[in-house]
Amino acid sequence: MRTGGRTGSGGAPDAVVIGTGPNGLAAGVTLARAGLRVELYEAAETIGGGLRSLPLFDSQVLHDICAAVHPMGAASPFFRAFDLAAHGVQLLRAPVAYGHPLPTGPAALAWHDLDTTVAGLGADGPAWRRLMAPLVEHSDQVVRFFLSDLRTPPTDLATPLLLAERILRHGTGLARHQFRTEQAAALLAGVAAHGVGRLPSPAAGAIAVLLGHLAHGSGWPLARGGSQAIAQALAEDITALGGVIHTGTPVTDLRELPRAKAVLADVAPKGLLALAGSRLPSGYARQLARYRYGPAAAKVDYLVGEAIPWADAGLRQAGTVHLGGTRAQLYAGESLTARGRLSPSPFVLVVDPAVTDPGRAHGGRRPVWAYAHVPHGDPVDRYELVTSAIERYAPGFRDTVLAHRTVTGAQWEAYNPNYVGGDIGAGAISLRQTLLRPTVRWNPYRTALPGLYLCSAATPPGPAVHGMSGYLAARSALRREFGIRLAQLP
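Each value, and the rule that gives it
- Residues numbered from 1 in each chain as written.
- Predicted model: local features only at pLDDT ≥ 70, side-chain atom pairs only at ≥ 80, totals over all residues.
- Heavy atoms only, no water.
- Helix = DSSP H or I, 4+ residues; strand = E, 2+ residues; numbered from the N terminus.
- Rg over C-alpha atoms; globule rule 2.2 N^0.38 Å.
- Buried < 20%, exposed > 50% of the residue type's maximum accessible area, 1.4 Å probe, protein only.
- Contact = heavy atoms within 4.5 Å.
- Areas by Shrake-Rupley, 256 points an atom, 1.4 Å probe, with all protein chains shown as cover.
- Lys, Arg positive; Asp, Glu negative; His and termini not counted.
- Charge placed at Lys NZ, Arg CZ, Asp CG, Glu CD.
- Pairing = 2+ DSSP bridges.
- Polar contact = N/O pair within 3.5 Å; in protein donor to acceptor, adjacent residues only side chain to side chain.
- Axes fitted to C-alpha atoms, helices over the stretch in contact; angles between N-to-C directions.
- Left-handed = near helix turned anticlockwise from the far one by under 90°.
- Nonpolar A, V, L, I, M, F, W, Y, C, P; charged D, E, K, R; others polar.
- pLDDT = per-residue confidence, 0-100.
- Patch = residues over 30% accessible without salt bridge, like charges linked within 9 Å, V, L, I, M, F, W, Y side chains within 5 Å.
- Salt bridge = Lys/Arg side-chain N within 4 Å of Asp/Glu carboxyl O.
- Arc of directions from axis to C-beta.
- Core = buried A, V, L, I, M, F, W, Y, C linked by side-chain atoms within 4.5 Å.

Across its full length, the chain carries 20 helices and 17 strands. Against the compact-globule benchmark of 23 Å for 490 residues, the chain has a radius of gyration of 22 Å, which places it among compact chains. Counting every position in the chain, which comprises 490 residues, the buried fraction comes to 60%. At a minimum sequence separation of 6, the contacts of the chain that also span at least 24 residues come to 75%. In the structure as shown, the chain presents an accessible area of about 18300 Å², 55% of it carried by carbon and sulfur atoms. The chain carries 45 positive and 35 negative side-chain charges, and their two centres are separated by 9 Å.

In structure tokens form, the structure reads like this:
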């Protein structure tokens with residue numbers, strides 16, 4: 001399938017993008033808006049990568065196949081400049097950004113409103129305010145720091161200092177002593193667990209302060225109608241500018257592509273090695289081969305007959321729910337998973353999209369999206385593990401299930417080669433692999449081959465739907481290959 005037409009009738013493209021995940025599409029938008037003739041190649045029959053939505057069981061009920069909730073999409077400088085709303089994408093927010101039930105006592109709730117959250121955390125309310133309020137106040141600077149190329153010195157030195165102190169307290173052994181109640185401790189630990197690795201750790205602490213404060217700012221929204229709406233908006237912008245998108249067209253070797261001054265690959269380091277083969281210098285190839293991948297996600301898509309019957313009523317207003325027990329239980333479980341062993345009570349992330357977007361429910365039927373953290377390459381169907389985890393805090397949930405589909409950790413890579421061994425973050429999130437992602441190079445987007453750039457989540461700023469890896473890689477290619485310097489994003 002081909003969409004668009006300028007390149008087909010106007011000669012060879014100036015630039016080619018491999019992959020139409022959020023970063024590939026962001027790169028395509030950036031290149032096309034700079035006036036280049038652009039072609040994108042997608043192996044699957046539909047665009048989107050981690051932004052696909054499909055009717056798995058009922059033609060009227062859409063399920064988000066990968067990403068469902070988009071805190072980084074709402075905060076991203078690229079998406080803010082792109083203006084999703086102007087392209088018909090509505091980001092919807094639930095009253096409670098995320099919640100965390102506990103084995104005993106009430107669930108902890110991160111309301112969009114910071115004051116309401118503080119009031120609900122009792123003795124730890126003031127500590128939560130001291131942690132989050134300065135971050136919310138300086139959110140633009142915080143987001144720009146985290147979503148940078150991690151090479152350019154920040155213009156505002158106060159922001160790194162603000163973050164360093166919080167990451168030290170919440171990303172090291174000190175984290176065990178920051179809160180007095182299980183509610184606040186587990187609430188932040190559940191956000192840190194999005195790092196999919198050992199807890200506590202500096203990388204996970206950074207994720208906790210970034211995602212945690214966004215809950216009280218730009219929020220943890222869903223795209224109305226499903227994540228595919230974001231991919232479609234980006235693709236339509238590309239084709240409106242004359243770009244061409246080829247779907248159902250896998251690229252297995254760079255020599256299959258039309259000649260272009262720049263090629264941007266939205267692929268994992270493993271995929272880059274396969275595409276370039278022996279043409280890569282041996283030293284650079286060895287660095288790519290040493291790149292580490294993290295634990296896997298074992299996903300379950302449910303079609304249910306009613307909203308999740310959470311025992312704690314507060315969770316029924318939550319856009320996202322984290323399961324995994326207390327902070328101590330989360331730390332133990334995530335660290336066990338990072339060592340390649342299955343936790344008996346793994347971290348499970350649950351989304352009932354119709355809570356935030358009632359239009360996702362039809363005729364009493366609605367999707368539920370859930371996944372558990374499991375060891376890298378885990379081949380086992382984890383339906384029972386995930387369902388039991390939900391049932392523990394939502395008695396009767398099992399009885400609402402009308403149909404389900406599981407994707408094992410090992411199966412993810414067949415769906416999307418970027419998810420090596422089921423690692424949906426395209427690489428382990430450690431301090432080293434955050435700063436030196438994917439290799440030791442000043443420009444992480446330029447590869448060792450002239451004109452070839454890497455623009456996937458394996459480059460800074462890393463995983464999540466923010467488009468910044470694609471934008472920054474395209475910016476680098478424009479400057480070096482075409483002599484075009486873009487103004488900084490507003």
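This brings us to the pairing of strand S15 (residues 366–374). By the criterion of burial, S15 is predominantly enclosed, with nine of the nine residues buried. Of the two faces of S15, the one lined by Arg366, Val368, Ala370, Ala372 and Val374 and the one lined by Pro367, Trp369, Tyr371 and His373 are each fully buried. With nine bridges connecting them, strand S12 (residues 296–304) and S15 associate as antiparallel partners. Bridged to Ala298 within S15 is Ala372. Two elements, strand S14 (residues 348–351) and S15, share four bridges in a ladder whose sense is antiparallel. From the neighbouring strand, Val350 faces S15, where its bridge partner is Ala370.

This part is about the environment of Asp58. Considering the arrangement of structural elements, one finds Asp58 in the loop between strand S4 (53–54) and strand S5 (63–64). Along the primary structure Asp58 and Thr239 are separated by 181 residues, whereas in three dimensions their C-alpha atoms are 30 Å apart. Looking at Asp58, its side chain comes within polar contact range of the main-chain nitrogen of Gln60, at 2.8 Å.

Two packed helices can be described by the angle between their axes and the distance between those axes. Interhelical geometry of helix H12 (residues 269–276) versus helix H13 (residues 282–290) gives an angle of 145° and a closest axis separation of 8 Å. Every pair of crossing elements has a handedness; the one defined by H12 and H13 is left-handed. From H12, Pro269, Leu272 and Leu273 reach across to H13, where they touch Tyr284, Ala285, Leu288 and Ala289. Counted by class, the contact of H12 with H13 contains seven nonpolar, no polar and no charged residues.

Consecutive side chains of a regular strand alternate in pointing toward one face of the sheet and then the other. Here strand S7 (residues 96–100) lies mainly inside the structure; five of its five residues are buried. Where S7 and strand S8 (residues 108–111) come together, four bridges link them in antiparallel fashion. Each residue of the ladder has a partner; that of Gly99, found in S8, is Leu109. Where S7 lies against strand S13 (residues 318–323), three bridges are found, and the strand directions are parallel. Bridge pairing in S13 places Tyr98 opposite Thr320.

This paragraph deals with the sheet that holds S12. Adjacent strands of a sheet pair through backbone hydrogen bonds, lying either parallel or antiparallel. Judged by pairing direction, the sheet is mixed, and its seven strands sit side by side in the order S8-S7-S13-S14-S15-S12-S16 without closing on themselves. Looking along the sheet, the strands with just one partner apiece sit at the ends: S8 and strand S16 (401–407). Averaged over all pairs of adjacent strands, the angle between strand axes in this sheet comes to 20°, irrespective of strand direction. Across six bridges, S12 lies against S16 in antiparallel orientation. Bridge assignment links Val304 to a residue of S16, and that residue is Val401.

This next bit is on the confidence of the model for the chain. When pLDDT is averaged along the chain, the result is 94, and 98% of the positions lie at 70 or above. Under a pLDDT of 50 for its full length, residues 1–9 has, in the predicted model, 31 contacts with residues more than four places off or in other chains.

Before going further, it helps to spend a moment on a positive patch on the surface. Together, Arg286, Arg290, Arg292 and Arg432 line one region of the surface with positive charge. By secondary structure assignment, the location of Arg290 is in helix H13.

Turning our attention to H13. Residues Tyr284, Ala285 and Leu288 constitute the buried set of H13. The arc that holds every buried residue of H13, seen down its axis, measures 100°, which confines them to one face. Opposite the buried face of H13, by more than 90 degrees, sit the exposed residues Ala289 and Arg290. On its buried side, H13 packs onto H12.

Attention now moves to the environment of Ala426. Locating Ala426 in the fold gives a position in the loop between helix H18 (412–415) and helix H19 (431–435). Note on Ala426: relative accessible area 5%, which makes it buried. Beyond its immediate sequence surroundings of up to four residues, Ala426 is in contact with Tyr291, Tyr293, Asn418, Arg437, Ala457 and Ala458.

For the rest of this paragraph, the subject is the nonpolar core. If you look at the biggest cluster of nonpolar residues, it comprises 100 residues, and the most contacted ones within it are Leu31, Phe78, Tyr98, Trp128, Trp220 and Leu264. Aside from chain neighbours lying at most four places away, what touches Tyr98 is Ala108, Leu109, Ala110, Trp128, Leu187, Val191, Gly212, Ala215, Trp220, Thr320 and His322. Val300, Tyr302, Val386 and Val401 belong to the second largest nonpolar core, which has 28 residues in total.

If you walk through the whole model with that rule in mind, you get 18 salt bridges. Measuring nitrogen to oxygen at the nearest pair gives 3.4 Å for the salt bridge that ties Arg360 to Asp64. Here Arg360 is found in the loop between helix H15 (353–356) and S15, whereas its partner Asp64 is found in strand S5, with 296 residues between them in sequence. In this structure Asp64 comes out as buried when scored by relative accessible area, which is 3%. Asp301 is paired through a salt bridge with Lys299; the nearest N and O atoms lie 2.3 Å apart. Bridged by salt links that share partners, the residues Glu165, Arg166 and Arg169 form one connected network.

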